[in-house]
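# Secondary and tertiary structure notes
Residue strings, one per chain:
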Amino acid sequence: AAVKFKVSDAMTLVAHTAETKDSVTSEKYTNSGIEVQYAIASGLTAYINVEDYDYKVGTASGAEASSGTASKLTIKATF
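The sections below set out a description of the structure shown in this document. (Residues numbered from 1 in each chain as written. Predicted model: local features only at pLDDT ≥ 70, side-chain atom pairs only at ≥ 80, totals over all residues. Heavy atoms only, no water.)

So, on to the overall build of the protein. Counting secondary structure elements, the protein contains zero helices and five strands. Listing each helix as α and each strand as β along the protein from the N terminus yields β-β-β-β-β. A globule of 79 residues ought to have a C-alpha radius of gyration of about 12 Å, yet the protein, at 17 Å, is considerably larger. Taken along the three principal axes of its C-alpha coordinates, the protein extends 50 × 20 × 20 Å. Within the protein, the proportion of its 79 residues that are buried is 18%. In the protein, of all internal contacts separated by at least 6 residues, the share reaching a separation of at least 24 is 34%. Entry remark: accessible area of the protein is about 5700 Å², with carbon and sulfur atoms responsible for 56%. For the protein, the distance from the average site of its 7 positive side-chain charges to the average site of its 9 negative ones is 7 Å. (Helix = DSSP H or I, 4+ residues; strand = E, 2+ residues; numbered from the N terminus. Rg over C-alpha atoms; globule rule 2.2 N^0.38 Å. Buried < 20%, exposed > 50% of the residue type's maximum accessible area, 1.4 Å probe, protein only. Contact = heavy atoms within 4.5 Å. Areas by Shrake-Rupley, 256 points an atom, 1.4 Å probe, with all protein chains shown as cover. Lys, Arg positive; Asp, Glu negative; His and termini not counted. Charge placed at Lys NZ, Arg CZ, Asp CG, Glu CD.)

Dropping the structure here:
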């Protein structure tokens, strides 16, 4: 699920969440986060993403459980 909110002509906020589960191995992955899109200038946009994730192994062999937070800054130029 996701929701997008236009704050102004230059800024948009996006929030999302997702979950997937394997019924055979009981593996489970969840991810939720927020993104800020900011128009710096005409054709130049900054994207800031922060996501929390959680992976549970279940009965899968050779896999390790993990969780954490990932952050990313992207600058997109459109010509």
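Quick look at the pattern of salt bridges now. Applying the stated criterion across every chain, the model contains one salt bridge. We note a salt bridge from Lys-56 to Asp-54, for which the minimum N-O separation is 2.5 Å. Accessibility expressed as a relative area gives 44% for Lys-56, which makes it partly exposed. (Salt bridge = Lys/Arg side-chain N within 4 Å of Asp/Glu carboxyl O.)

Here strand 1 (residues 2–6) runs beside strand 2 (residues 11–21); their pairing, made up of five bridges, is antiparallel. Residue Val-3 lies in a different strand from strand 2, and its bridge partner there is Ala-15. (Pairing = 2+ DSSP bridges.)

Strand order in this open sheet of five strands is 1-2-3-4-5, and the pairing throughout is antiparallel. Every other strand in the sheet has two partners, leaving strand 1 and strand 5 (66–77) as the edge strands with one partner each. When the angles between neighbouring strand axes are averaged without regard to direction, this sheet yields 10°. (Axes fitted to C-alpha atoms, helices over the stretch in contact; angles between N-to-C directions.)

For Lys-72, the location among the structural elements is in strand 5. Between the alpha carbons of Lys-72 and Met-11 there is a distance of 17 Å; along the sequence they are 61 residues apart. Setting aside chain neighbours within four positions, we find Lys-72 in contact with Tyr-47, Ile-48 and Asn-49.

What follows is about a nonpolar patch on the surface. Taken together, Ile-34, Tyr-38, Ile-40, Ile-48, Val-50, Leu-73 and Ile-75 make up a surface patch of nonpolar side chains, about 630 Å² in accessible area. Listing elements by their share of the nonpolar patch, those giving two or more residues are strand 3 (28–41), strand 4 (44–56) and strand 5. Sorting elements by how many residues they give to the nonpolar patch places strand 3 first, with three residues. Mapped onto the fold, Ile-34 is located in strand 3. (Patch = residues over 30% accessible without salt bridge, like charges linked within 9 Å, V, L, I, M, F, W, Y side chains within 5 Å.)

All quantities given are derived from atomic positions and should not be read as evidence of function.
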